[in-house]
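# Residue-level structure breakdown
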Amino acid sequence: MVLNMGPQHPSTHGVLRLVVEIDGETVLNVVPDIGYLHTGIEKTCEAKFYQQVVPMTDRIDYLSPMTNNLAYCLAVEKLLELEIPERAQWMRVLFNELTRLNSHLVWLGTHAMDIGALTVFLYCFREREEILRIFEAVSGQRMMTSYFRVGGLSLEPPLDLFDRIQKLIKIMPERIDQYQNLLTGNPIWVSRLKGVGHLSAEDAIALGVTGPPLRASGVDWDLRRDMPYSSYEKFQFKVPVSNDCDVWARYVVRLDEMRESVKICQQALDGMPSGPIKANAPKIVLPDREQMKTQMESLIYHFKIVTEGFTVPAGQVYQGVESPRGEMGYYVVSDGTAKPYRVHMRNPSFATLQALQTMCAGRLIADVVAVIGSIDIVLGEIDR
């Protein structure tokens, strides 16, 4: 029998349609049918000034907008050969790790709910709410923050922001233990996850899988450590790896990642450098509001950047970052004008989705739900 799972099924984590071929309850074949959330963002980028593309990147992976902001900004900054102030780099690391926590909390809550554990969802969203309040305090938006800019950050953080972040990360280790205590010893949870959705290291590499699913298959690879960017080389953290290669391993790896993100946030707060949050590039970076109101030259730069954009030297560049789902890469081509000739996103969910067939063949229909939850897909970045 051929069944449709989705595109409105709650456990497909978005508008994903799976064409599932089954024999009784046993899955013979799984074919993902995507495109229900198509936005045309890549094409839209070609009609925008470089700085206008940043809000578009928020909407690719709407659970980790700042990670997308960073990947895009780093790519354009490479083309411009811009030197970013150290404070801005450390702030970017801090907010990227808060974004990772935010994304993993949504993953854990929804994944647990798919399996039937409702309480964890409520607990995860309790902490996520605090993170979103921090994002709102710094950028004015809870989700689509657009906080990073080509050349640095958009605004200085509020005076009490670091205290709020410190208060959050102080309680996070205890809260992560709480989630783990609710699930790890639960016999239903264990039986639904262990040995399900096997993906070998060889298959994971061949299919282009990255991030937690790759590390849960025993491949020790993390761009933050192996191809560092934005001062990540100055932070101490472990890269969680598991050789179990199943849904359980992906659960354990992400929980450990959350603990490491808390440690990176603490290091960022403890060692936060002083100085500016924007590069000294008046033709590219918008001047401060006070300067714009009092200096004629700053007002002219502001007017020209907003109305005409800034030109980027012709060339092409690829920049990858470690998003909560894996390698998020931006390939940007410039033709020397104020608008990008091409912006292409290499999205981790898109590559990981093709591993579904390998993980689900021979398993039961209920296991498909567990596997989808374990790879943590976001359809916004798949359909872009």
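Below is a summary of the structure that appears in this document. (Residues numbered from 1 in each chain as written. Predicted model: local features only at pLDDT ≥ 70, side-chain atom pairs only at ≥ 80, totals over all residues. Heavy atoms only, no water.)

This paragraph deals with the sheet that holds strand β2 (residues 17-23). The strand order across the open sheet built from 3 strands is β1-β2-β3, with neighbouring strands paired in antiparallel fashion. The open sheet is flanked by β1 (2-5) and β3 (26-33), the only strands paired with a single partner. Here the strands of the sheet are splayed against their neighbours by 25 degrees on average, with no regard to which way each runs. With 7 bridges joining them, β2 and β3 adopt antiparallel strand pairing. (Pairing = 2+ DSSP bridges. Helix = DSSP H or I, 4+ residues; strand = E, 2+ residues; numbered from the N terminus. Axes fitted to C-alpha atoms, helices over the stretch in contact; angles between N-to-C directions.)

Before going further, it helps to examine unusual backbone geometry. Residue P7 follows G6 across a cis peptide bond; omega there is 10 degrees. Its location among the elements puts P7 in the loop between β1 and β2. A positive phi angle, close to 50 degrees, is found at S230, a residue other than glycine. According to the relative accessible area criterion, S230 is buried, its value standing at 8%. (Buried < 20%, exposed > 50% of the residue type's maximum accessible area, 1.4 Å probe, protein only.)

Once that is clear, we can look at a nonpolar patch on the surface. Judged by side-chain polarity, M113, L118 and L122 come together as a nonpolar surface patch covering roughly 290 Å² of accessible area. Tracing the backbone shows M113 in helix α4 (residues 86-115). Under the relative-accessibility criterion, M113 is labelled partly exposed at 37%. (Patch = residues over 30% accessible without salt bridge, like charges linked within 9 Å, V, L, I, M, F, W, Y side chains within 5 Å. Areas by Shrake-Rupley, 256 points an atom, 1.4 Å probe, with all protein chains shown as cover. Salt bridge = Lys/Arg side-chain N within 4 Å of Asp/Glu carboxyl O.)

Moving on, we get to the environment of N243. Counting through the fold element by element, N243 comes out in the loop between α10 (223-226) and α11 (247-270). Between the C-alpha atom of N243 and that of L223, which follows or precedes it by 20 residues, the distance is 19 Å. Once residues lying within four places of it in the same chain are set aside, the contact partners of N243 are A216 and G218. (Contact = heavy atoms within 4.5 Å.)

The biggest cluster of nonpolar side chains holds 112 residues, and the ones touching the most others in it are F95 and L98. Examining the composition of this core, we find that 13 residues originate from one element, α4, more than from any other. Setting aside its immediate chain neighbours within four residues, F95 contacts M66, I134, F135, V138, Y147, F148 and L161. (Core = buried A, V, L, I, M, F, W, Y, C linked by side-chain atoms within 4.5 Å.)

Moving on, we get to the pairing of β2. Covered by surrounding structure in β2 are L18, V20 and I22 only, the residues R17, V19, E21 and D23 on the alternate face being uncovered. Where β1 and β2 come together, 4 bridges link them in antiparallel fashion. Of the residues in β2, the one forming a bridge with V2 is E21. Hairpin geometry of β2 and β3 is characterised by an intervening segment of 2 residues between the two adjacent antiparallel strands and by a positive phi of about 70 degrees at G24.

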